[in-house]
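Structural description and commentary
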Amino acid sequence: MAEQEASGLQVLLSTLQTSCDKDVILNILGVLTNLLPLGTSRRIHYMISKGGSEALLQALTTTAQAEPPDHSTLLPLLQLLARVGQRDRKFGLKVQKAEATDIILSLARRNLGHYLHLTHCLWVLRVCASNVTTGTTLGINGAMELLFKIISPYSKRHIRTVRAAIEALAALLKSKSNSRRAVNRGYLGGLLRLYQDWHQNDVSNNYIYIRRGLLLCLKHITNIQQGRETFLGSQGMEILFTTVQDCLSCKNLDPITNTAIQILRKCYPKEPLPVETEGSCYSFPLPGNSNAESSHEGSEGDYESDGEEESEKDLDSEDVESKEEDYDLETDVNKLRSRPVLDWPEEELGQYEAMCQELSHKFQDLESESEEEKILEDRTESLLSTPSHFIPNATSVKHPGYVWGSQSMAETGQDPGEKVFKVPLQSWAKMKKCKWDPADEKRDIVEGTQDADSCEDGDSARSHTLTMHPPLKEGDWYKKIFGPDCEVLINSSPGGRRESSDMVANLLEKHQRNIPFHSPHFYLARAKCVKSIPGYKDVAFPDFWGHQPPPYSKPMLERKYGVQRDKVLDDVRRLIQPGDVIGRTVFDLEKHSDSSPGAPACLKFFSEFESGNLRKAIQVREFEYDLIMNGDVNSNQHHQWFYFEVRDMKLAVPYRFNVINCEKLNSQFNYGMQLVMYSVKEALQGRPRWLRAGQDICYYKNHYCCSAAAGGGPRGKCYYTLTFSIKFPHEDDVCYLAYHYPYTYSSMMSHLDILEQNRNPKKVYWRQQTLCQTLGGNPCPLLTITAMPDSKKSDDLEQFCSRPYVFLMARVHPGESNASWVMKGTLEFLVSKDPIADLLRKCFIFKIIPMLNPDGVINGNHRCSLSGDDLNRQWLTPNPQLHPTIYHAKGLLHYLRSIGRAPVVFCDYHGHSQKNNVFLYGCSIKETLWQAGCMVDTADITEDVGYRTLPKILDKVAPAFVMNSCSFLVEKSRESTARVVVWKEMGVLRSYTMESTYCGCSHGLYKGLQLGTQELEEMGSKFCLGLLILHLKSFPCSKKLMVQAALLLDLEEEITDRVQRSCSSSSLETDDEPPCVEEIDYNTDSCSDGDGDLELDQEIQECLSWVEGDVEDEGATTEQTCSSKALRGLYISSQPASSSTALPLRSAALGLYSGFKSSPA
Ligand SMILES: [Zn+2]
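In short, a report on the structure.

Reading the values: the criteria
Residues numbered from 1 in each chain as written. Predicted model: local features only at pLDDT ≥ 70, side-chain atom pairs only at ≥ 80, totals over all residues. Heavy atoms only, no water. Buried < 20%, exposed > 50% of the residue type's maximum accessible area, 1.4 Å probe, protein only. Helix = DSSP H or I, 4+ residues; strand = E, 2+ residues; numbered from the N terminus. Pairing = 2+ DSSP bridges. Polar contact = N/O pair within 3.5 Å; in protein donor to acceptor, adjacent residues only side chain to side chain. Donors = N, O, S within 2.8 Å, 3.2 Å for Na, K, Ca; no water. Phe/Tyr/Trp six-rings, centres within 6.5 Å; stacked < 30°, edge-to-face > 60°. Lys NZ or Arg CZ within 6 Å of the ring centre and 35° of its normal. Salt bridge = Lys/Arg side-chain N within 4 Å of Asp/Glu carboxyl O. Core = buried A, V, L, I, M, F, W, Y, C linked by side-chain atoms within 4.5 Å. Contact = heavy atoms within 4.5 Å. Arc of directions from axis to C-beta.

So, on to the pairing of strand β10 (residues 695-705). Among the 11 residues that make up β10, nine are buried, leaving the element largely enclosed by the rest of the structure. Judged from the two bridges that link them, strand β1 (residues 271-272) and β10 form a sheet pairing that is parallel. Looking at the pairing, E271 lines up with Y704 of β10. In the sheet, β10 pairs with strand β11 (residues 718-727) via six bridges, with the strands oriented antiparallel. Considered in β11, the bridge of Q695 is made with S725.

Put into structure tokens, the structure is as follows:
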């Protein structure tokens, strides 16, 4: 049957090409028309593959040369050509080959007065012009003049023809030379006037397609520079801006609105950023290399490819993207083969012996602890519960007001006496060990409960224990903490006490015990030692005071319909109504005095504190500010991270903020992610929290671009705007806004202090050393954590020494603060009294570098170190001077390998800005070769699939983790990342990058929710649990351990099962991308014009119901109300069957167009 059809079609086509018999041609056309119902493509593509286009073009040439041309044949022929042509990618070429451009053009000219014929010619013209070369030829031959004559001046007569002409013109204008010609002939102004006429006269919106067609013409013309200039000179911005206002309220007019906005964005004159230099305003002289600074400028061709994140490309070219990704895969088997070599000077390795003292430790003091210490230790043990180790259930996650405290312990079956998981930190003034007063402890718990109650109800009146905060006069009081007075707090000298410090001390007494593993005093002590480039003198309140995760998670933000276009139009309004723009710089990092102190009603900004990043703030309108982030030190790019203080706000007013120098091509901010906010007033009322905040969030390309004059980076680099609105919770508050939950270097250092103090020294072996000093002169800590040996017996000591190593690192990329929160969870779990942690410590020796890039974190960088380098691209050949932390981390790993102790698991914690969930990147030769479609015989390659075990386990035990998001491909562009280098050079099978989303989860328990610090920390602790299970599955271990583990893990599984059951109803698998009501066109370069195929088909369909060629919509006749189907029937019945054909006609539907014979010529 299919064969028959094929041969039948081929006979039809070849007959069509050769026959001169009008009836035969007409019949064939009839059959073809019937074979190819409107709106379907499959058959047409088949016909194209059989030479359909060529046959039709040949028939056209033949028919058009007849004198006078026979329209009864031409019309169905042209219609078929239009329909086939629009689906034939090579149609333009075929038209040229058949030398048919002139024929079509002259046919159109000859039919200027006959609108039905003309319309058919225009359809074909439009299809021809979809090929740029053919379009250019048509333009040279005067096609645009012809079309312009048809469409102007404005008239509602011959609507169909006008529409066809406008659409053909739009197609022609895709050719740049045609656009140039159109501009030179003044058509742009004409099109604008015509658009205005249509806009004004089409009151009831009957001619949307015409108005959009005209906009498409403008859109294509303005692709050329000359077009944009002329557009601006012709008041194009004003005209489109004004007219589009009338369309906003009507959703039907979206095609018009969206196209108009695309033009407005494109034509908005490019401007350099309003800063003197685009590089960072901090610079750092690099050791031994005076050129180093400049050598980094624009040197990173792959500056967009983000660490382990997939390199981001223009989303318009998805096909290209996937191809390039495959192309990036390493396919050289020799390079892929993991082959450990000691690529390190041996004499250098000796220094790392000191970092592995556990291997030579004698534990002389093991059984000689004093009674007193034992008491203390037991006390600590019972108080230090593990907040991050339990799995919250769906109720606790989804329902605001839930109190974590009681839940957690019930789930893990702990003693009710430990219900409130607070770490009662020692009295602040004393840094040494202290003795606990049971009465104190009791009071703490009572207060804690009250606090929790007040949170639950959200009833501030009940938080009476917290009402003694001082009046926030101008939000300034707390600053005193960081002035000279803070000395008083830290080194309590009797004569130096002042009132404010009393007050602060009082406050701290009251509130600070509520935050586990945080101490403001420890924080200050650490912050004072930090070496920053600007020499910070202030501390951000949230880092100092501490953060408590809110009792509920926030769902991803639903995107409001049309939010982006409203914002974009607001931006355009600045150009149209410049008088409304204030344009006052209210904060400038480079000119401290320039903060407009006396400016009325304006916010005050500040960012000179650890991890702070705001370079400039410009007040645009009363409640709108443009913000510019500082670039990474010694770099002119990487603006994404932000963290700043803002105050003097009014209540209940939505402030709009625009971060105008973002660089990534797209952002999770377009898919439900919110930034985070911290309110000082809220904190003082007992809710010290970073919360997801911001409404009307979107992320789009703006009109700022990199200027060479300002020392910008890669030429032509464009910037993106992140815009959001915030209603602050209190009047005259001090608030902090950040890209993600901040976690500073001092936070990490003071956290380590607290962990060390609170651990059980009898059980936890803890050693904190300095891996090396950073470029900026800050120590980079290295931790060793494992279990103390059970005794001094040689068996126990042997077991201790033979534990395999696990090597963990985080925060090589400073902007990825989520990685630090995960690491925080890991560390807290590792030193905790949780029996699983206890067991885990007996299984492994952990080597942990919790912050690989302290300088970057301190100075508010997004991606780089002080050398301006992405440190996760330096692992192949780290430079000891420029990349000390990487150099020594790698050195230590080489040392471990050299003594036969390479880690069994290596994991580098990162954050991912484009994807949801938490997942691992690993390395597999076979998966890489398969994915690349490599022809190598992989049967010869042996590969241990053990790299998949840990992610599979994590998928089961960690609610945020999703196995399906993992990838085990080795990309060429990642050859210098930690993951690939450790895998290849150290032969570590389980070498991973762990990526945590900035946003939320698309699967599992947290589906649809944004992650908070609680969930990130939980991920860190679940990672540990995963390691224990991995150990049981993959490594030899004692029977005793097995039994203990089996008991514990059964319990664990029960909990996990229960939790997952409770949310199974909502965990159906879906797409990775959260839904978005609006098609996001964040990029002005988008060139999609909608589905042209369907549009033209529809036009033809409409035209079939149009009986008398020139009757207009307005003057509908009775015949017109007939459906096209009825008309077909009519014509078929009146058509005599042809006797001259022996073709296998299976349909009698012939000669539809013969009905037009009688129409006036
Ligand atoms: Zn990263």
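Let us now look at the side chain of S965. Topologically, S965 is positioned in the loop between α40 (949-957) and α41 (978-985). Within the local environment of S965, its side chain forms a polar contact with the side chain of N917, the two groups lying 3.5 Å apart.

Looking now at the coordination of the zinc ion. The zinc ion binds to the protein through H813 (ND1), E816 (OE), E816 (OE) and H910 (ND1), with metal-donor distances spanning 2.1 to 2.2 Å. Spacing between the donor residues of the zinc ion along the chain follows H-x2-E-x93-H. Of this pair, E816 sits in the loop between β15 (805-810) and α35 (817-830) while H910 is found in strand β17 (residues 905-912), placing the two residues 94 residues apart along the sequence. Pair check on accessibility: E816 and H910 agree, each one buried.

The tally for this structure, following the rule as stated, stands at 40 aromatic pairs. Aromatic side chains F541 and W545 sit 5.1 Å apart centroid to centroid with 20 degrees between the ring planes, which places their arrangement in the stacked category. Here F541 pairs with W545, and both are found in helix α30 (residues 541-545), just four residues apart, close to one helical turn. Here F541 and W545 have matching classes, each one buried. Of note, R163 hangs over the ring of Y209, and the distance from its end group to the ring centre comes to 4.0 Å. Lying across the ring of Y561, K251 places its NZ or CZ 4.3 Å from the centre.

Right, let's talk about the pattern of salt bridges for a bit. According to the stated counting rule, one finds 32 salt bridges in the structure shown. Among the salt bridges present, the one from E590 reaches R615, with a minimum N-O distance of 3.2 Å. Placement of E590 in the loop between β2 (584-588) and β3 (604-606) and of R615 in the loop between β3 and β4 (616-621) is noted, with a sequence separation of 25 residues between them. For E590, a relative accessible area of 38% corresponds to the partly exposed category. Notably, a salt bridge pairs E1017 with K824, separated by 3.3 Å at the nearest N-O pair. Highlighted residues: E1017 in helix α42 (residues 1013-1034) and K824 in helix α35, separated in sequence by 193 residues. Judged by its relative accessible area of 9%, E1017 is buried. Linked through salt bridges whose partners overlap, the residues forming this network are D570, D571, R573, R574, R621, E624, D626 and R656.

The biggest cluster of nonpolar side chains holds 148 residues, and the ones touching the most others in it are F605 and F657. At 10 residues, the largest contribution of residues to this core is made by α42. Once residues within four sequence positions are removed from consideration, F657 is found in contact with L603, F605, Y625, L627, L722, T723, F724, I726, F728 and L737. L74, L107, A143 and M144 belong to the second largest nonpolar core, which has 110 residues in total.

Buried residues of helix α3 (residues 42-49): I44, M47 and I48, and no others. Each buried residue of α3 lies within a common arc of 105 degrees when the element is viewed along its axis, so the set occupies one face. Within α3, the exposed residues directed more than 90 degrees away from the buried face are R42 and S49. G51 occupies a position one or two residues after α3 and carries a positive phi of about 85 degrees.

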